[in-house]
Each structure stands twice: as structure tokens, then as C-alpha cells.
Amino acid sequence: MKTFEVKAKVEELKYDELNSKELELVRLAKEATSRSYAPYSNFRVGAAILLSNGEIITGANQENAAYPSGTCAERSACYYAGATYPDAKFEAIAIAARGTDGEFVDEPCSPCGACRQALLQYELLAGKGVKTLLVGRDRIYRLESIRSILPFAFTEF
Ligand SMILES: [Zn+2]
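Enquirer: Can you tell me about the packing of helix H2 (residues 73-84) against helix H3 (residues 113-126), naming the residues and giving the values?
Expert: Two elements in contact, H2 and H3, have axes separated by 9 Å at closest approach and are oriented at 25°. Comparing the axis directions of H2 and H3 gives the class roughly parallel. Here H2 and H3 pass one another in a crossing that is left-handed. For the pair formed by H2 and H3, the contact residues are Glu74, Arg75, Cys78 and Gly82 on the first element and Cys115, Ala118, Leu119 and Tyr122 on the second. Of the residues in the contact of H2 with H3, the class split is five nonpolar, one polar and two charged.

Enquirer: Quick rundown of H2? Include the residues and the values.
Expert: A turn of α-helix holds 3.6 residues, and therefore any two residues three or four places apart point the same way. Taking 1.5 Å per residue as the helical rise, H2 with its twelve residues ought to reach 16 Å, and the 16 Å between its terminal C-alpha atoms agrees with that figure. For H2, every residue scored as buried is listed here: Ala73, Glu74, Arg75, Ser76, Ala77, Cys78 and Ala81. Buried residues along H2 sit in contact with helix H1 (20-32), strand E2 (44-51), strand E3 (56-60), strand E4 (90-98) and H3.

Enquirer: Which residues make up the sheet that holds strand E1 (residues 10-13), and what values do they have?
Expert: Sheet strands pair by backbone hydrogen bonding; their relative direction is either parallel or antiparallel. Here six strands make up an open sheet; going across it, the order is E1-E6-E5-E4-E2-E3 and the pairing mixed. The open sheet has two edge strands with one neighbour each: E1 and E3. Along the sheet, successive strands turn relative to each other by an average axial angle of 20°, direction set aside. By the bridge criterion, four bridges tie E4 to strand E5 (residues 131-135) in an arrangement that is parallel. Along E5, the bridge assignment pairs Ile95 with Leu134.

Enquirer: Residue-level account of the environment of Ser110, with values.
Expert: Among the structural elements, Ser110 can be located in the loop between E4 and H3. Taking the C-alpha atoms as reference points, Ser110 and Ala94, 16 residues apart in sequence, are found 9.9 Å from one another.

Cut-offs applied
- Residues numbered from 1 in each chain as written.
- Predicted model: local features only at pLDDT ≥ 70, side-chain atom pairs only at ≥ 80, totals over all residues.
- Axes fitted to C-alpha atoms, helices over the stretch in contact; angles between N-to-C directions.
- Helix = DSSP H or I, 4+ residues; strand = E, 2+ residues; numbered from the N terminus.
- Parallel < 35°, antiparallel > 145°, perpendicular 65-115°, else oblique.
- Left-handed = near helix turned anticlockwise from the far one by under 90°.
- Contact = placed C-beta atoms within 7 Å.
- Nonpolar A, V, L, I, M, F, W, Y, C, P; charged D, E, K, R; others polar.
- Expected span 1.5 Å × (residues − 1).
- Buried ≥ 20, exposed ≤ 12 C-beta atoms within 10 Å, placed from the backbone.
- Pairing = 2+ DSSP bridges.

Here it is in C-alpha cells:
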């Protein structure tokens, strides 16, 4: 038997350690939570994606009475970006969330498995890692790529 570990490099930063572009992306992701439609979970998520053409696309989770019909903020943003600017490459994404108390979550919000898979596809199209900012109340986790948090992705088989 052979054993190996899968590791992800995560940088934990304070807000004042982000550059101005990162701060703007975080601000827009947090703002996007206000456009969430989450009457069932009351968990409001926002995402902001910076594209290679300079555009920033935002998305928010959209729930539905038929639960699986809804979608996450990350996928609403990435599919809109792909459908609107098919030639642009993803550069970075920020993801923020407000919990059932309406406050931004303390623990940086991480994308679900389905969103990691969807975002990875755009990362592969970009040909390089998509910088990922997971937003918490007082700190941000910065990752160099989506791949780093999706080992053994479906596209690798
Ligand atoms: Zn998701």
C-alpha cells in the first residue's frame, strides 16, 4: 500500500493585507449577498468574478421551492460570466456569505463541491489558477486556485 497526502496552500489575511483589486472583489461579493433569494435556508451567498477583460460579474444564490432547481452564488456568477463573455478568462473569485442572523459569517465561506467542479472547468479554460478569496467577517482565506481545493476532480479522469 502506498499513502500520500493532498494539501492545499491557504493564506489567511486581514482585510488591510488585501490589494485594492482584491478588496473591490470582496466588497462586490459581500454586496451581492443582498441579491440572494434564500427564503428556505436564509443563508445568503454572494460571489464576484474578475474576468481577463476587466469585467466583474456577480452572482447570488437563488433558491427554489423544488430545492434542486435552485443554484449557488458561485454557479450563478460563473455561468452568467461564461454566457456573457465566452472569450474572457477567469482571473479571480471572491465568495461571501451572511448567516441566518443576517451577519457576515465569521468562518470564511467555502464553495460547495458542485461549485468547485463548475469553477474548475473555467479555471482549465483560463489555463492558470483562479485566485480564490473566501471571505470571513475579519479574515480572508486566499487560495492560488480552485484545483487546490478539489483534488481528484472529475476532469482528471
Ligand atoms: Zn455551490
